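One letter stands for each residue in the lines below.
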Amino acid sequence: GDAKGAEQLLAKLLAKNPNDKELHLLNWKIKRWQNKPKEALNEFKWLMANHAVTPAMLTDSVNDATALYLYQDANDIYAYKAQNRQLKGNGFAKWMQTNEFIGNAKQELNNINRFEQINGKSALSQYWKAKVLHDTGNLKDLKALWPSYKGPKEEKDLLWFARAFWLEDDFKTALSILKNK
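Per chain, residues are indexed from 1 in the order of the written sequence. In keeping with the predicted nature of the model, local features appear solely for residues at pLDDT of at least 70, side-chain atom pairs appear and are counted solely at 80 or more, and the whole-chain, interface and lining totals rest on all residues. Only hydrogens and water are set aside when side-chain values are computed; all heavy atoms of the structure are taken into account.

Draft legend 1. A look at the environment of Thr 98. Each helix is a run of H or I in the DSSP string that is no shorter than four residues. Each strand is a run of E no shorter than two, and both are numbered from the N terminus. Positionally, Thr 98 belongs in helix H6 (residues 91–102). Taking the C-alpha atoms as reference points, Thr 98 and Tyr 69, 29 residues apart in sequence, are found 9.5 Å from one another. Two residues qualify as a contact provided that any one of their heavy atoms is within 4.5 Å of a heavy atom in the partner residue. Discounting chain neighbours no more than four positions away, the residues touching Thr 98 are Tyr 71, Ala 74, Asn 75 and Tyr 78.

Draft legend 2. Representation of the pattern of salt bridges. Within this document, salt bridges are pairs made up of a side-chain nitrogen of Lys or Arg and a carboxyl oxygen of Asp or Glu, the two lying within 4 Å of each other. Per the stated rule, a full pass over the model turns up ten salt bridges. Notably, a salt bridge pairs Asp 64 with Arg 32, separated by 2.9 Å at the nearest N-O pair. Taken together, the residues Asp 64 in helix H4 (residues 55–67) and Arg 32 in helix H2 (residues 21–33) connect sequence positions 32 residues apart. Note on exposure labels: buried denotes an accessible area under 20% of the residue type's maximum, exposed denotes more than 50%, and partly exposed covers the range between, all computed with a 1.4 Å probe on protein chains only. Take Asp 64: its relative accessible area is 16%, and that puts it in the buried class. Relative accessible area serves as the criterion here: at 31%, Arg 32 is assigned to the partly exposed category. A network of salt bridges, in which partner residues are shared, links Glu 7, Lys 31, Lys 36 and Glu 39.

Draft legend 3. Quick look at unusual backbone geometry. Positive phi outside glycine occurs at His 51, with the angle close to 50°. Considering the arrangement of structural elements, one finds His 51 in the loop between helix H3 (37–49) and H4.

Draft legend 4. Examining the packing of helix H7 (residues 105–119) against helix H8 (residues 123–135) more closely. To obtain each axis, a line is fitted to C-alpha atoms, and for helices this fit is confined to the stretch in contact; angles are then taken between N-to-C directions over 0 to 180 degrees. Between H7 and H8, the least distance of the axes is 10 Å, while the angle of their chain directions is 160°. With respect to each other, H7 and H8 are oriented roughly antiparallel. Handedness of the crossing formed by H7 with H8: left-handed. Residues Ala 105, Glu 108, Leu 109, Ile 112, Asn 113, Phe 115 and Glu 116 of H7 form the contact with H8, whose own contacting residues are Ser 125, Gln 126, Trp 128, Lys 129, Val 132 and Leu 133. Three classes are used, and their members are as follows: Ala, Val, Leu, Ile, Met, Phe, Trp, Tyr, Cys and Pro are nonpolar, Asp, Glu, Lys and Arg are charged, and the others, Gly among them, are polar. Here the contact of H7 with H8 is composed, by residue class, of seven nonpolar, three polar and three charged. By the definition adopted for this analysis, an angle is roughly parallel if under 35 degrees, roughly antiparallel if over 145, roughly perpendicular if from 65 to 115, and oblique otherwise. We call a crossing left-handed when the near helix sits turned anticlockwise from the far one by less than a right angle, and right-handed when that turn is clockwise.

Draft legend 5. Focus on the nonpolar core. We define the nonpolar core as a collection of buried residues of types Ala, Val, Leu, Ile, Met, Phe, Trp, Tyr and Cys that are connected through side-chain atoms lying within 4.5 Å of one another. Ranked by size, the top nonpolar core spans 45 residues in total, and within it Phe 44, Val 53, Phe 92, Trp 95 and Phe 161 carry the most contacts. Among all residues touching Phe 92, those that are not within four sequence positions of it are Leu 87, Ile 112, Phe 115, Leu 124, Ser 125 and Trp 128.

Draft legend 6. Inspection of a nonpolar patch on the surface at higher detail. Residues qualify for a patch when their relative accessible area is over 30% and they have no salt bridge, like charges being joined within 9 Å and the nonpolar side chains of Val, Leu, Ile, Met, Phe, Trp and Tyr within 5 Å. Note on areas: Shrake-Rupley with a 1.4 Å probe; residue coverage comes only from the protein chains shown. Taken together, the side chains of Leu 159, Trp 166, Leu 167, Phe 171, Leu 175 and Leu 178 present a nonpolar region at the surface, about 560 Å² in accessible area. No other element matches the three residues that helix H11 (residues 171–178) contributes to the nonpolar patch. Turning to its location among the elements, Leu 159 is positioned in helix H10 (residues 155–166). What makes Leu 159 partly exposed here is its relative accessible area of 40%.

Draft legend 7. Region of the structure containing H7. Here a helix's expected span is defined as the number of its residues, less one, multiplied by 1.5 Å. An ideal rise of 1.5 Å per residue puts 21 Å on 15 residues; H7 measures up with 21 Å between its terminal C-alpha atoms. Along H7, the residues classified as buried are Gln 107, Glu 108, Leu 109, Asn 111, Ile 112, Phe 115, Glu 116 and Ile 118. For H7, the secondary structure elements touched by its buried residues are helix H5 (71–83), H6 and H8. Of the residues trailing H7, Gly 120 is marked for its positive phi of about 85°.

See below:
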């Protein structure tokens, strides 16, 4: 019942045993229970760095980070999940949306490439790679992606590629891309 007393005791124990995973886990739980999500996230980062997290903890913490607009923290959690093959369902799309909120296209492309190295190319990862290259105006890399592109080939997607070739006066390739629908 005495949350403040427990928090103070835990702080003293952590000062004496800074590498104790169980104490850090307990501290994370207390911070979440006391509705201190920023402090809980700081504790969670330590737990994540020390491989002491569960899938449920990952989900709770990424939701906390996103709710607090701490997109870099959310990104780090998604990257951890991807590294450990725990990115399921719409997790990849949420990760990429988080990257868009951060606004660092280079980081986003690095995350996509790392994901593809671990999990292989997927239609979704290829779509996001093409989207980032298109959105950032990186026509050179977008054109280079086309021959091996395994993503969706809806009209919008094909227009990204066709435009990249068209703007460099390669009309034949641009038209052939549009015929892929």
